[in-house]
Amino acid sequence: MISLADTLDRVLPRTAPDLVSRAVGERLRVVAREIPAALSDWLYLEFGLDAASERVDLIVRVTAERRALLAPGHPVQPFGDRLRAHPLWARVQALARAWTDPAGPLDSTVSGIWLEFDLDPDRAPETAPGVFVDFTRAAFTTGSAAARAALAEAAVAPLVRQPRPAASVGALRRCFTALPSAASVPYVGVLLPRGDDVVRVCVSGLDAPDIGPYLAAVRWPGPPDELHDVVRSLREEAHGPLPIIALLHLDVGTHVQPRIGVEFAFDRRSQVRGAVDELGFLDALVARSLCAPASRDVLVRWPGCTTARMRHELWPSVVMRRLNHVKVQYTPGAPLQVKGYLCVAHRYWRARSGALPARPPTDSSIE
């Protein structure tokens, strides 16, 4: 099997020496060797920004075109033995089975899933992933709130403990019915290695003033005004262009849990040229001691566009590296935690002449 480890070897060594040490790289490869390279052309590396960390988690995108590889009964068994033997992998396959069922609710409403592998340096690499379901735009922006909540329940049903408590169903439904008209839920997920009774709800379309009223409506147990002040102050202390508030992460069990995540997404187009426009925001994080200077430098040096040859593809690939977002985790009474998410995507390039493009493609052509 040509594995995802081969992809990592081609896109990482020259671009992230400060991020991917020898020890970190080996943990990444332990998991990546279990995954076929053909499964994904889009990866994320997640790491804490507050200090030099030996933990870098791996996130893998699977699009609808590649979902058959995940489903049980595929004529080829492309995954490694350790992954297939893990008891939680059966839940991922159950989701894939539901996703590939043309008569089911997920076939035309789910555009992809994300597999998130926790790679804690203090224990063996986790080969069972957390799973995030990525809905199509039509699915998460149309229909009633009740219908979208029911779709989210159907998406996580193969992943969560059954039967679901009525309080959990009700708490998840409130996350949809309380949405302002411009907001939506494009993703839901279950971090399986951390438990199977909590659903993560990712809300988009909330600006800073919307966050407090929404959290009050979903019965979040923390002080909404305080979280609003955190978000506002981070943006006010920065100079120059600002990242947008892309997603609000809620962990929902029988109630909405205290920890909240706020994603700040960075402009994509400038990063094709290797530039991060929102440097002032990163500097503000450093000034608050939420981001180590060395971590800031990793984020700034990461973006760019190159070419590479993937062993599992016939044509050369254009490789796009991007700082996708920074997530601020807020828990009442606890220090803020900040993580960076670095994206690397590749797409084979078959020009009519057989030559690679003279100029890098736009970011949208990679997607």
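Note that the structure is predicted; figures quoted are calculated from it, not measured.

Side note on the pattern of salt bridges
Next up, step 1: The full count for this structure, using the stated rule, is 26 salt bridges.
Next up, step 2: Note that D6 and R10 form a salt bridge whose closest N and O atoms lie 2.8 Å from each other. Taken as a pair, D6 and R10 lie in helix α1 (residues 4-11) at a separation of four residues, close to a single helical turn.
Next up, step 3: You can call D6 buried: its relative accessible area is 10%.
Next up, step 4: Classification of R10 by relative accessible area gives partly exposed; the value is 29%.
Next up, step 5: Sharing partners across several salt bridges, the network here consists of R55, D57, E116, D118, D120 and R194.

A word on the side chain of E313
Next up, step 1: Here E313 shows up in the loop between β9 (304-308) and β10 (317-330).
Next up, step 2: We note that E313 is buried and unpaired, the nearest opposite charge coming from R66 at a distance of 5.1 Å.
Next up, step 3: Excluding its chain neighbours within four sequence positions, the residues that come into contact with E313 are H346 and Y348.

Brief notes about the environment of E26
Next up, step 1: If you trace the backbone, E26 turns up in helix α2 (residues 22-32).
Next up, step 2: Of the residues examined, E26 reaches a relative accessible area of 38% and is grouped as partly exposed.
Next up, step 3: Considered as a pair, E26 and P125 are 99 residues apart in the sequence and their alpha carbons are 9.8 Å apart.

Some remarks on the confidence of the model for the protein
Next up, step 1: Per-residue pLDDT for the protein averages 90, and the proportion of residues at 70 or more is 92%.
Next up, step 2: Across the protein, element-level confidence peaks in strand β6 (residues 199-204) with a mean pLDDT of 98 and bottoms out in helix α13 (residues 363-366) with 40.
Next up, step 3: Confidence drops under pLDDT 50 across residues 358-367; counting only partners more than four residues distant or on other chains, this segment forms 23 contacts.

Re the packing of aromatic side chains
Next up, step 1: Applying the stated criterion across every chain, the model contains five aromatic pairs.
Next up, step 2: These aromatic residues form a ring-pair network of at least three members: F264, F266 and F281.

Regarding the pairing of strand β8 (residues 256-265)
It is a general feature of regular strands that their side chains alternate between the two faces of the sheet.
Next up, step 1: The element β8 is largely enclosed, with a buried count of seven among its ten residues.
Next up, step 2: Strand direction decides the pairing type here: strand β7 (residues 244-252) and β8, joined by seven bridges, are antiparallel. For I244, the partnering residue across the bridge sits in β8 and is A265.
Next up, step 3: Following β7, the chain reverses through three residues before pairing antiparallel with β8.
Next up, step 4: Sheet topology places β8 next to β10; six bridges connect them, and they run antiparallel. Across the sheet, residue E263 finds its bridge partner in β10, namely K327.

Observations regarding the pairing of strand β3 (residues 110-117)
Next up, step 1: Most of β3 sits inside the fold, with seven of its eight residues counted as buried.
Next up, step 2: Bridge count between strand β2 (residues 57-63) and β3: six bridges; the pairing is antiparallel. Within the sheet, the bridge partner assigned to L58 lies in β3 and is F117.
Next up, step 3: Note: β3 against strand β4 (residues 130-135), six bridges, orientation antiparallel. Across the sheet, G112 pairs through a bridge with D134, a residue of β4.

Some thoughts on the side chain of D57
Next up, step 1: Among the secondary structure elements, D57 is positioned in strand β2.
Next up, step 2: By relative accessible area, which is 1% here, D57 ends up buried.
Next up, step 3: Those residues in contact with D57, other than ones at most four positions away along the chain, are Y44, L45, E46, F117, D118 and L119.

Things to note about unusual backbone geometry
Next up, step 1: Backbone torsion omega between Q162 and P163 reads -5°, so that peptide bond is classified as cis.
Next up, step 2: Along the chain, P163 turns up in the loop between α6 (145-156) and α7 (166-177).
Next up, step 3: In this structure, R219 takes a positive phi of about 65° despite not being glycine.
Next up, step 4: Within the fold, R219 resides in the loop between α8 (208-217) and α9 (224-236).
Next up, step 5: Located in the positive-phi region is S289, a residue other than glycine, with phi close to 65°.
Next up, step 6: When you line up the elements, S289 lands in the loop between α11 (279-287) and α12 (293-301).

Calculation notes
Residues numbered from 1 in each chain as written. Predicted model: local features only at pLDDT ≥ 70, side-chain atom pairs only at ≥ 80, totals over all residues. Heavy atoms only, no water. Salt bridge = Lys/Arg side-chain N within 4 Å of Asp/Glu carboxyl O. Helix = DSSP H or I, 4+ residues; strand = E, 2+ residues; numbered from the N terminus. Buried < 20%, exposed > 50% of the residue type's maximum accessible area, 1.4 Å probe, protein only. Lys, Arg positive; Asp, Glu negative; His and termini not counted. Contact = heavy atoms within 4.5 Å. pLDDT = per-residue confidence, 0-100. Phe/Tyr/Trp six-rings, centres within 6.5 Å; stacked < 30°, edge-to-face > 60°. Pairing = 2+ DSSP bridges.

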